[in-house]
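Below, each chain spelled out in residue letters.
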Amino acid sequence: MCSPEESALLRLEEGFSAALAHINSLVLQPLLSAASELSELQGAGCLQLLEQLHGSTQQLCAVTEDSLCSLRERLRHPDSAGLQSLLLLRDPDRVLQAHMEYIESYTNCLVVQAFQKAAKRRSEYWRGRRKALRQLLWGVSPEGSVGTVLVQALRQPLAHHVQQCVLQLLSLSGAIGERDPARELVVRAAVLFGNLESFLRQAVDQAVATQGLWHTLSSRLRDVLCTPARRLLQDSHDVPVTATPLRAERVLLFDDALVLLQGHSVHTFDLKLLWVDPGRDGCAFQLLTPEDAFSLCAKDRQGQAVWQWKVTRAVCQALRGKKDFPVLGAGLQSSEPPAYRCGAYTFCAEGRFCRATYEGEWQRGRPHGKGTLKWPDGRSHVGDFCQGLEHGFGIRLVPQASEDKFDCYKCHWTAGSMCGYGICEYGNDQVYKGYFHAGLRHGFGVLESAPQGPQTFRYTGHWERGQRSGYGVEEDGDRGERYIGMWQGDQRHGPGVVVTQAGVCYQGSFQADKIVGPGVLLSEDDSLYEGTFTRDLSLVGKGKVTFPNGFTLEGTFGSGVGRGLHTQGVLDTAAVPPDPSSTRKRQLGLDALPVESRWQGVYGPFWDFVAAGCPADLQEAMLGFHVQSSRELRRSQEYLCCTRTHPEDSEGGVADTLDELLRHRQPEALQQYLSKALSHPLHPLGKLLRTLMLTFQATYVGIGANKHLQGLAQDEVKQHARELWAAYRGLLRVALQRRGHTLEEEDTETRDLQVHSVMLPLVLPSFYSELFTLYLLLHEPEDGLYSQGITNLSLFPDAKLLQFLEVQKHLWPLKDLRLTSNQRHSLVKDKCFLSATECLQKIITTVSPWEKLQVLERTYGEIEATVSRLLGQEHKLPMDDLLPLLIYVVSRARIQHLGAEIHLIRDMMDPSHIGGLYDFLLTALESCYEHIQREDMRQHRLPGPWDPREHW
């Protein structure tokens, strides 16, 4: 059975539904019609506000009708429809939302006096409707102004309905039993409507106060500040307060902004970007904004407390994006506004950010975290900020004024300027990858032009304050030359080597980009000139030319337009011819450019990182970030991002790297760990090695692939191995320090042993291709003679070759075969010492000198094993017997460029092997190589048809 309270609730809802219908037809429809007739100047915004109110009224009517339906269904079928079926109890939040939307629309109209403005258009109409309006009013004189009557007519039915709902719900909660499951729902609905009643009163009071404020301001200030949704929360005319150091005649706190009025000037501060610093002394508290910091000072502590409390609550409300419910400040005290926030702000003060709009994360009035800066001139910056400045990784676009292009900087920033590693793509298609300091290129970096540009160039080397300074390599595509040497003030300055596309090499000194003093010039035919030069390496002044045949020409050289080279001097044809190999193998740059000082700009950032204790936040800035591909890098300009692959938890990544170092200190484990680390693009050692590979290729590939630079390259590879071993030790020292231990110092002998036995074999493969090319060029003549000898010896059948090499017949493996003469002739040629031949051929598939020496050792073992099987007993070959057999195996292996292989092994082998077995075997191989080059080896021919039966 339904209670009387439910019937009363039904009548209340029916009355409110009828009142809403009257409001719609009697008030809203005529107001909308009148507002539509107003001129744009008179009724600006009124029509839109009244339409919103009309829409919220319709929504409230719909919710009320649904509530009525649920009540009627309950009254008709009380047994099947319980109290929980009532909309007020089943979905009170929906009912509450409809009421609040109506309140917001109504108070928006109230703030800007939309009712009064629309009513003036049809004053006669409203005077004739006073009697009808009186049905909607309680306690309001019908003789008041039409605007006042309309304001009350739109509010009182709602206020009355909410108040009565509270009473009826409380009565209903008292009428049902304590254990009734619906009682909790009834109590909750009563509380919500009680809060709604308080909210309505406060919302109307704020709207009335805000409306009254506009009358106290000038029309200019009113036009600036007045918006329908804005509400006044506090006025310094009510509770006096002053702003210092900013002088303000009046302080106004709205629900979205704090406003300081000073004459005709208006200073508006968005509450979302306002930080309250609680006052500790006196009657003041500080406020922080993106560009200003000021204090609000009250006359007494009570006034200070009121303002500080209201400002704090208003900031919290603004950050939540909605008004407090039930009322501002009711209930438990909310937490303080968060120190970290997100928001947008346009800077006005002079400075780098003037007129720029920042959108992103803030802390205490300063950009802090991730954000985006955009200037009106098209510049933009996306990245990390710290205390108001760019700090961390960031991408900046700077448009070019003359063309529809821009410069793109993907760099690390410190305190507002580029500092650390970065990649910059300029509008002229040049690209710089390297380090910065104070916004300028500083440290190691690579600047190169577009591959298809009109003037191609590339500089790889050191920079100081934006200029090329220190050791660097420049390739000039227009002039077809490469410069390797020292720089100062963006010019060639100091010792250097120039290599031209024509094969000409120069070594000398430069000053202010000009060649000064004497120098050395090596031509492609190995002629040597010592003297002075012009800028384009033309011979001029006193000098001496030494020709490959030993002739010398000493005198004064010069050239003129169309005259070629001319000289006055002495030609000496009686000089003793020099050793061709020494003339051909002259090396440049070894003394002038010490290997220890060439690429310190690469190692400098790494040692800074180690000296700082390997902090995770500096890992990218100091060691560079890894970009997947240059294509992704260029595409990333459009999206202001950079695809960087690095561990999400960088702190964990660094810690894991250092922990892994400690777990792999034993020799075998260390070798495996270093191999993995050097091959990993994100490991500090791997990053170092990749940068060194880049410098090596920039120096010795293309034009730089010149035989006179082989010594320079060889020393460089060894130095890189030493530096990378020191880098490993540096990381190991930090790892031990993190655990409270120290690293024992190693002596020079131990260090050299580790470098050659551990690090060099791992590092050499990264440089092998370029380095071996230089060895090929340097030893090309000897390898040519060797190839002729191999070609000639390949014509010999096995038995004839063994005879020619004077191998003792008891060491010939031919007697192993028990075949006919014809079969023996066809098979012996392919089978004799085959295992040793196949073993030696593997020397070209290895890179490490140690591995090549192992191949040589196994080859020697295969030769001895074959001889031992032949003799039926263990047999050690003396040098006199080994050498001809080794020559036989070498001739059958047909290894191309064996001279280059031998010299690379000799130059790169571990010094500890000198005088040992490996040294002996390599010396034997060298003897074979030299023996095959002999003229009798290259020109000996078989006398005629050969019958293998004569050897049996």
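Residues numbered from 1 in each chain as written. Predicted model: local features only at pLDDT ≥ 70, side-chain atom pairs only at ≥ 80, totals over all residues. Heavy atoms only, no water.

Some thoughts on the overall build of the chain
Point 1. Counting its secondary structure elements, the chain contains 29 helices and 27 strands.
Point 2. A buried classification covers 49% of the 952 residues belonging to the chain.
Point 3. Across the chain, the fraction of contacts at a sequence separation of at least 24, relative to all contacts at a separation of at least 6, is 52%.
Point 4. By element, 51% of the accessible surface of the chain is carried by carbon and sulfur atoms, the whole surface being about 45,100 Å². (Helix = DSSP H or I, 4+ residues; strand = E, 2+ residues; numbered from the N terminus. Buried < 20%, exposed > 50% of the residue type's maximum accessible area, 1.4 Å probe, protein only. Contact = heavy atoms within 4.5 Å. Areas by Shrake-Rupley, 256 points an atom, 1.4 Å probe, with all protein chains shown as cover.)

Section: the environment of tyrosine 700
Point 1. Within the element layout of this structure, tyrosine 700 appears in helix H18 (residues 684-700).
Point 2. The exposure class assigned to tyrosine 700 is buried, which follows from its relative accessible area of 1%.
Point 3. For the pair tyrosine 700 and leucine 771, spaced 71 residues apart in sequence, the C-alpha separation works out to 7.9 Å.
Point 4. Contacts of tyrosine 700, omitting those with residues within four sequence positions, involve Arg482, Arg598, Ala705, Leu709, Leu712, Ala713, Glu716 and Leu774.

Digging into the packing of helix H24 (residues 834-841) against helix H25 (residues 849-871)
Point 1. Remark: H24 packs on H25, axes separated minimally by 8 Å, with the N-to-C direction vectors making an angle of 175°. Taken together, the axis directions place H24 and H25 in an arrangement best described as roughly antiparallel. Contacts between H24 and H25 involve Ser835, Ala836, Cys839 and Leu840 from the first element and Val855, Leu856, Arg858, Thr859, Glu862, Ile863 and Thr866 from the second. (Axes fitted to C-alpha atoms, helices over the stretch in contact; angles between N-to-C directions. Parallel < 35°, antiparallel > 145°, perpendicular 65-115°, else oblique.)

Some points on the sheet that holds strand E3 (residues 250-254)
By way of backbone hydrogen bonds, the strands of a sheet pair with one another, either parallel or antiparallel.
Point 1. Strand order in this open sheet of four strands is E1-E3-E4-E5, and the pairing throughout is antiparallel. Looking along the sheet, the strands with just one partner apiece sit at the ends: strand E1 (232-235) and strand E5 (265-270). Strand-to-strand twist of the sheet, defined as the mean angle between neighbouring strand axes without regard to direction, takes the value 20°.
Point 2. Of the pairings in the sheet, the one linking strand E4 (residues 257-262) to E5 comprises six bridges and is antiparallel in character. The partner of alanine 257 across the bridge, within E5, is aspartate 270.
Point 3. Contacts between helix H9 (residues 183-216) and the sheet are confined to E1 and E3, with E1 contributing the most and set at about 55° to the helix. (Pairing = 2+ DSSP bridges.)

Remarks on H18
Point 1. Compared with the 24 Å implied by 1.5 Å per residue over 17 residues, the 25 Å span of H18 between its first and last C-alpha is a close match.
Point 2. Most of H18 is tucked away: 12 of the 17 residues are buried.
Point 3. Regarding H18, the residues found buried are Pro684, Leu685, Gly686, Lys687, Leu688, Leu689, Leu692, Thr695, Phe696, Ala698, Thr699 and Tyr700. (Expected span 1.5 Å × (residues − 1).)

Quick word on the packing of aromatic side chains
Point 1. Applying the stated criterion across every chain yields a total of 29 aromatic pairs.
Point 2. When the ring of tyrosine 345 is compared with that of phenylalanine 347, the centres are 5.3 Å apart and the planes differ by 85°; the resulting orientation is edge-to-face.
Point 3. When its relative accessible area of 8% is taken as the criterion, phenylalanine 347 is described as buried.
Point 4. Grouping aromatic residues by their ring pairs yields a cluster made of Tyr432, Phe436, Tyr459, Trp463, Tyr483, Trp487, Tyr506 and Phe510.
Point 5. Geometry around phenylalanine 254 places arginine 230 over its ring, the cationic atom sitting 5.1 Å from the centre.
Point 6. Sitting over the ring of tyrosine 459, arginine 468 keeps its end group 5.4 Å from the ring centre. (Phe/Tyr/Trp six-rings, centres within 6.5 Å; stacked < 30°, edge-to-face > 60°. Lys NZ or Arg CZ within 6 Å of the ring centre and 35° of its normal.)

Observations regarding the pattern of salt bridges
Point 1. Evaluated as defined, the whole model comprises 33 salt bridges.
Point 2. Two residues, arginine 76 and glutamate 73, come together in a salt bridge whose shortest N-O distance is 3.2 Å. In this pair, arginine 76 and glutamate 73 are both assigned in helix H2 (residues 46-76), three residues apart and thus about one turn of the helix distant.
Point 3. Arginine 76 gets classed as exposed once you look at its relative accessible area, which sits at 54%.
Point 4. Using a relative accessible area of 33% as the deciding quantity, one classes glutamate 73 as partly exposed.
Point 5. The residue glutamate 716 makes a salt bridge to arginine 598 at a minimum N-O spacing of 3.0 Å. Remark: arginine 598 occurs in the loop between helix H12 (580-584) and helix H13 (600-611) and glutamate 716 occurs in helix H19 (residues 710-738); sequence separation between them is 118 residues. For the pair glutamate 716 and arginine 598, a shared accessibility class is recorded, and that class is buried.
Point 6. Overlapping salt bridges, with partners in common, bring together Arg468, Glu474, Arg479, Glu481, Asp490 and Arg492 in one network. (Salt bridge = Lys/Arg side-chain N within 4 Å of Asp/Glu carboxyl O.)

Some remarks on the pairing of strand E10 (residues 357-363)
Point 1. Pairing of strand E9 (residues 340-346) with E10, which is carried by seven bridges, proceeds in the antiparallel orientation. When the bridges of E10 are listed, tyrosine 345 appears paired with tyrosine 358.
Point 2. Two elements, E10 and strand E11 (residues 366-374), share six bridges in a ladder whose sense is antiparallel. Opposite threonine 357, over in E11, you have lysine 374 as the bridge partner.
Point 3. In textbook terms, the turn of a hairpin is the stretch between consecutive antiparallel strands, and for E10 and E11 this stretch comprises two residues, one of which, arginine 364, has a positive phi near 50°.

Observations concerning the nonpolar core
Soluble globular proteins: nonpolar side chains tend toward being buried together.
Point 1. Grouped together as the largest cluster of nonpolar side chains are 74 residues, with contacts concentrated most on Tyr106, Phe115, Leu154 and Phe193.
Point 2. Considering each element in turn, this core owes the most residues, 13 residues, to H9.
Point 3. Excluding anything up to four places from it in sequence, tyrosine 106 contacts Leu53, Phe115, Val151, Leu154, Arg155 and Val204.
Point 4. One finds Val473, Leu658, Leu661 and Ala735 within the second-largest nonpolar core, a separate group that totals 73 residues. (Core = buried A, V, L, I, M, F, W, Y, C linked by side-chain atoms within 4.5 Å.)

Considering the environment of cysteine 354
Point 1. Mapped onto the elements, cysteine 354 comes out in the loop between E9 and E10.
Point 2. Owing to a relative accessible area of 17%, cysteine 354 belongs among the buried residues under this scheme.
Point 3. For the pair formed by cysteine 354 and tryptophan 375, sequence separation is 21 residues and the distance between their alpha carbons is 8.1 Å.
Point 4. The contact partners of cysteine 354, leaving out residues within four places of it in the chain, are Phe347, Cys348, Ala349 and Trp375.

Overview of H25
Point 1. For H25, spanning 23 residues, the distance from its first C-alpha to its last is 33 Å, which sits close to the expected 33 Å at 1.5 Å a residue.
Point 2. N-cap assignment for H25: the residue whose side-chain oxygen lies 3.2 Å from the backbone N of tryptophan 850 is serine 848.
Point 3. Two residues or fewer after H25 comes glycine 872, characterised by a positive phi angle close to 75°. (Polar contact = N/O pair within 3.5 Å; in protein donor to acceptor, adjacent residues only side chain to side chain.)

Some details on the sheet that holds strand E8 (residues 293-298)
Point 1. Across the sheet, which stays open at both edges, the four strands sit in the order E2-E8-E7-E6 with antiparallel pairing between neighbours. On the outer flanks of this sheet lie strand E2 (241-244) and strand E6 (275-277), each paired with one strand and no other. Here the strands of the sheet are splayed against their neighbours by 30° on average, with no regard to which way each runs.
Point 2. Where E6 and strand E7 (residues 284-288) come together, three bridges link them in antiparallel fashion. Bridge assignment links tryptophan 275 to a residue of E7, and that residue is leucine 288.
Point 3. Docked against the sheet, helix H11 (residues 301-320) engages E2, E6, E7 and E8, running at close to 25° with respect to E7.

Considering empty space enclosed by the protein
Point 1. Enumeration according to the criterion identifies six cavities of 30 Å³ or more in this entry.
Point 2. Space inside the second largest cavity adds up to approximately 70 Å³.
Point 3. Lining the second largest cavity are 10 residues, and of these Phe199, Gln202, Gln206, Gln317 and Lys323 lie nearest its centre. (1 Å grid on protein atoms, 1.4 Å probe; cavity = no way out; pocket = protein on both sides within 12 Å on 5 of 7 lines; lining within 4 Å. Points joined across faces, edges and corners; volume = space filled by probe spheres on them.)

Details of the confidence of the model for the chain
Detailed reading of the predicted coordinates is not advisable wherever pLDDT is low.
Point 1. When pLDDT is averaged along the chain, the result is 85; 87% of the residues meet or exceed 70.
Point 2. Counting contacts from residues 636-640, a segment whose pLDDT is below 50, to residues more than four positions away or on other chains yields 12 contacts.
Point 3. Within the model, the stretch residues 942-952 combines pLDDT values under 50 with 20 contacts to residues more than four positions away or in other chains. (pLDDT = per-residue confidence, 0-100.)

Digging into unusual backbone geometry
Generally, phi is negative for residues other than glycine and the peptide bonds are trans, each holding for most cases.
Point 1. A cis geometry characterises the amide bond from threonine 244 onward to proline 245, with omega recorded as 5°.
Point 2. By the secondary structure assignment, proline 245 is in the loop between E2 and E3.
Point 3. Even without being glycine, arginine 364 reaches a positive phi, approximately 50°.
Point 4. Among the structural elements, arginine 364 can be located in the loop between E10 and E11.
Point 5. We note that aspartate 526 has phi near 75°; this positive angle belongs to a residue other than glycine.
Point 6. Inspection of the secondary structure assignment puts aspartate 526 in the loop between strand E23 (514-522) and strand E24 (528-533).

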